[in-house]
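The residues making up each chain are set out below.
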Amino acid sequence: MRLLEFNARGGFSLTEFVGDDIPPYAILSHTWGADGEEVTFKDLVEGTGKSKAGYVKMRFCGKQAASDRLQYFWVDTCCIDRSSSAELTEAV
C-alpha cells in the first residue's frame, strides 16, 4: 500500500508499506474532477501536477491529516498506479 506524506520541501512523497505494518492514515473521500485535473501516480513520480485542480485537494487532505496528528494520508487518484493493470485490479 502506498501512502502520501508532506516532504520537507512542502511537496508530497509516496511511501510504500508491505504486509501488516501499515501506520494510521487519513483517506480523502472526494468527487473526481474533470479528466486530466486529478494528480496521478505518474504526476507524483515525475514531479508534475502542481498546476492541476486536484493538487489543492491533496494539500487540504495532508494539512487535515497533520492537524489530526496523522503523518500519512491516502488519495486514490495518486496512490494507485493505474498504468499497472494488476495493481488497478487489486485496488478495485
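Details of the structure are given in the entry above.
What you see is a predicted model, and the numbers here were worked out from it, not measured in a lab. (Residues numbered from 1 in each chain as written. Predicted model: local features only at pLDDT ≥ 70, side-chain atom pairs only at ≥ 80, totals over all residues. Heavy atoms only, no water.)

Topic: the state of the cysteines
Counted only if it meets this: To count as a disulfide, a pair of cysteine sulfur atoms needs to be within 2.5 Å. The rule is simple: take the accessible area with a 1.4 Å probe, protein chains only, and divide by the maximum for that residue type; under 20% is buried, over 50% is exposed, in between is partly exposed.
By the definition in use, this model includes zero disulfides. There is no disulfide at Cys 61, and the cysteine sulfur nearest it, in Cys 79, is 9.0 Å away. The cysteine Cys 79 is free of any disulfide, with Cys 78 supplying the nearest cysteine sulfur at 4.7 Å. The exposure class of Cys 79 is buried, given its relative accessible area of 3%.

A look at helix 2 (residues 54–67)
Since the α-helix packs 3.6 residues into each turn, any two residues three or four apart lie on the same face. Note the threshold: The helix count covers DSSP runs of H or I at least four residues long, the strand count covers runs of E at least two residues long, and both are numbered beginning at the N terminus. In a helix, the anticipated span is given by 1.5 Å times the number of residues less one. Think of it as the arc spanned by the lines of direction from the helix axis to the C-beta atoms.
Taking 1.5 Å of rise per residue, the 14 residues of helix 2 would be expected to cover 20 Å, and the 20 Å separating its terminal C-alpha atoms lies within 8% of that figure. Within the span of helix 2, buried status applies to Gly 54, Tyr 55, Met 58, Cys 61, Gly 62 and Ala 65. Looking straight down helix 2, one finds that the buried residues subtend no more than 120° of arc, so they occupy a single side. Away from its buried face by more than 90 degrees, helix 2 exposes Val 56, Phe 60 and Ser 67.

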